[in-house]
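# Tertiary structure, described
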Amino acid sequence: MTTVLQARSLTKRYGALTAVDDLSLEVCEGEVFGLLGPNGAGKTTSINMICGLLKPDSGQVTIRGKVITNGDASTRARVGVCPQNIVLWGQLTCLEQMQFIGQMYGMRGKAARLRAEKLLEELDLLEKKDQLARTLSGGMQRRLNLAMALVHDPEILVLDEPEAGLDPQSRVMVRDYVKSLARRKTILLTTHNMDEADRMADRVAIMDHGRLLTVDTPEALKRTVGEGDVLEIDLDRGSMEAALATLNPILPQVSATNHTLVIRARGVVEHLSTVLEALHAVSAQPGEVRLRANTLEDVFISLTGRRLRE
Amino acid sequence: MKAWTVFLKTLREMLRDKWILGLTLVFAPFFVFLYWMILSGGSTSYTVLVINKDVGVQRSDGSTFRSGEHILAAIRGITYADGSPLLKATIASDRTEADRILRDRGAAAFILIPEDFSQTLQKLESGDRSITTMITFGGDLSNPYYMVAVNLALTAVDGYIQEVTGQQPLIGYMEEPLGASAARSEFEAYVPASLIFAVIMLIFLASMSVAREIETGTLRRLQLTPISSLEILGGVTGALVLIGVVAITLAFLVAVLCGFHSQGPLWVAILVGAVSSLSVIGLGMVVASFTHTVSQAFIVANFPMAMMMFFSGVIYPLPKVTVFTVGAREIGLYDILPPTHAVVALNKVLTLGAGLEEVVYELAALTILSILYFGIGVWLFKRFHLHSG
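Residues numbered from 1 in each chain as written. Chains lettered and ligands numbered in written order. Predicted model: local features only at pLDDT ≥ 70, side-chain atom pairs only at ≥ 80, totals over all residues.

## As for the overall build of chain A
- The helix and strand inventory of chain A stands at 11 helices and 14 strands.
- Within chain A, buried positions represent 42% of all 310 residues. (Helix = DSSP H or I, 4+ residues; strand = E, 2+ residues; numbered from the N terminus. Buried ≥ 20, exposed ≤ 12 C-beta atoms within 10 Å, placed from the backbone.)

## Some words on the domain arrangement of chain B
- According to the domain assignment, chain B consists of domain 1 (2-39 + 185-385) and domain 2 (46-181).
- The residue makeup of the side of domain 1 of chain B that touches domain 2 of chain B, split by class, is one nonpolar, three polar and no charged. (Domains from an automatic or database assignment. Nonpolar A, V, L, I, M, F, W, Y, C, P; charged D, E, K, R; others polar.)

## Remarks on the interface of chain B and chain A
- Opposite the 20 residues of chain B that make contact, chain A presents 24 residues.
- Elements that contribute at least two residues to the side of chain B that touches chain A include exactly α1 (2-16) and α9 (218-223) of chain B.
- Among the elements that take part in the side of chain B that touches chain A, α1(B) stands out by supplying six residues, more than any other.
- Residue composition of the side of chain B that touches chain A, by class: four nonpolar, eight polar and eight charged. (Contact = placed C-beta atoms within 7 Å.)

## As for α1(B)
- With 15 residues, α1(B) should reach 21 Å at 1.5 Å per residue; the first-to-last C-alpha distance of 21 Å fits that figure.
- Taken as a whole, α1(B) has its buried residues at Lys2(B), Thr5(B), Val6(B), Phe7(B), Lys9(B), Thr10(B), Glu13(B) and Met14(B).
- Those residues of α1(B) that are buried lie in contact with α3 (94-104) of chain A together with α2 (18-39), α8 (202-216) and α10 (229-257) of chain B. (Expected span 1.5 Å × (residues − 1).)

## With respect to the pairing of strand β1 (residues 3-14) of chain A
Residue and element names in this part refer to chain A.
- The pairing of β1 with strand β2 (residues 17-28) spans eight bridges and is antiparallel. Bridged to Leu 5 within β2 is Val 27.
- Hairpin geometry of β1 and β2 is characterised by an intervening segment of two residues between the two adjacent antiparallel strands and by a positive phi of about 65° at Gly 15. (Pairing = 2+ DSSP bridges.)

## Thoughts on the packing of helix α7 (residues 186-200) of chain B against helix α13 (residues 338-350) of chain B
Residues and elements named next belong to chain B.
- Between α7 and α13, the least distance of the axes is 9 Å, while the angle of their chain directions is 140°. In terms of axis orientation, α7 runs oblique to α13. Between α7 and α13 lies a crossing whose hand is right-handed. Here Val 191, Pro 192, Ala 193, Leu 195, Ile 196, Val 199 and Ile 200 of α7 lie close against α13, whose contacting residues are Pro 339, Ala 342, Val 343, Leu 346, Asn 347 and Leu 350.
- Across the contact of α7 with α13, the residue classes tally to 12 nonpolar, one polar and no charged. (Axes fitted to C-alpha atoms, helices over the stretch in contact; angles between N-to-C directions. Parallel < 35°, antiparallel > 145°, perpendicular 65-115°, else oblique. Left-handed = near helix turned anticlockwise from the far one by under 90°.)

## Comments concerning unusual backbone geometry
Residues and elements named next belong to chain A.
- In this structure, Asp 22 is a non-glycine residue whose phi angle is positive, near 55°.
- Secondary-structure assignment places Asp 22 in strand β2.
- On the basis of neighbour counts, which here come to 14 C-beta atoms within 10 Å, the residue Asp 22 falls in the partly exposed class.
- Positive phi outside glycine occurs at Asp 124, with the angle close to 60°.

Written out as structure tokens, the structure is:
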């Protein structure tokens, strides 16, 4: 696949803090690329550099081989950005602001208007086109925020937490809409929502402390934390240490979090009776037993840890 | 083209922000109206306390000559061109009472007529130059009305003495007013400064409009588009100048409805207002460059606003602090404030009847200041808000 967006050795420092440290990644044409990381990982700084809003201390970003610099407006215009915060002109109607931003991208008034109306229709906002943005509901404002990023029909769409603050209906709608854009546009999305990244992204990059930790498809990433499924057993009584000691020789991947045993294995259900017997032998009494598939969250936690960041 | 689109968008936003727009437009007309309300009964009368200790003197025909009372009448006889009194003479029994009233600013000055005043006048009248007497006057010298009141009162006293004694003054004085200044009512004298208020108030609208774009993040959205800071600020400035011109025109309209007569062409005064608006808006851009929120912009804008109010001669004239000289013209410290030139130009046009050619210097100075402040504003704005560092 053709590489559309490439970041090479991006570094950005704020005094003693290195917000982004030697970040390199490539996003291919038509791909949905997820950028995950805890708060303060450097996602927004990376996005700002990729959009050309922020100049890196070193490294560069190219779009189809052309370097984005502060002055290169035409290259910058190939990117559409949907920021995490709702950024709208409250005193303008939906249509007015979309037409305005379209014209700022060099579109003619009529073309901008037609494009705006099409996007408003796609995002179920056409009925509200003459309503002031400040009078819209939060969900509508979020959808308008997304539409604003698309008005100039950019080749690359950057979505910063696109589902943040949305009600379930709007979330499904936005997710479906972004999915519909996939393949037609190259999409770079940042999110905290692992489920969202898992469902939408073709590839996912996880970063922490400004550094890129891993990049791969969600499936491949999930495999890195263990093959198969996950069996979680809450211990109501008995020693966690004794339980671990008796299970570790039987199964290769057994760990514990608080009062929960976490067992990863291919066909883990087949091992359930063996596990329960072993626990009984050390007088450990199981409580709730859960079976689930590996998730990106497992990958995320295994890479970034459980410690709170903020 | 993009600046034009920004202009239309800014104008649309301002028209919908009715409170801010309303306050900006109404501010100067309201002041004009307020002055008219206060001064509609005529111009200011300066109160003078007369402490009349004169005991009078017996004339040869048996009547009593009481010159102290005549002085009182002479003071009350000084009037404006329209016949309304310039001085209001009030009797005070003694210095103690006078001092109390003066401390409370109930009067501008006092005049103490001595016991022997009539006697002295009578002797002078008969040609006896061997005696003299002393009229005492005084008051709070920091009271801006003091000098006016004392000057006028002493003129009245002098006139009366000359009349009674028949003595001609050694030197005659004649007053020749500039332009139509003598015929101006006090209300009309206040109008130019009121109009400048409309211009000065634009600094808030200008700085807050730009700061709003910063605070809401819409500036970042604009930054992603291929638009320059000049186009953004140019568009915003255009809309603000239009609002400024409307505000000034409204203020003029209210002034005219209240009886104001411009001695010079009104369009020149509006032109002065428009160019002044541009330079004040430029200052507003400079303010916006240093701020990130609307409330910050409001607070910071108070500083240049106060400077313009107090140091440009809008409220009261200040002595010129010459910094350098260009040809025969002295360039003062306060000349960096746009209203300094606007006040002079508007006074020339509205009161002295000047035309365009007589305010060319002020217009040129305002244009230079506009370019200067706007240029600095754009540069700072680019540096602090549109850079990608």
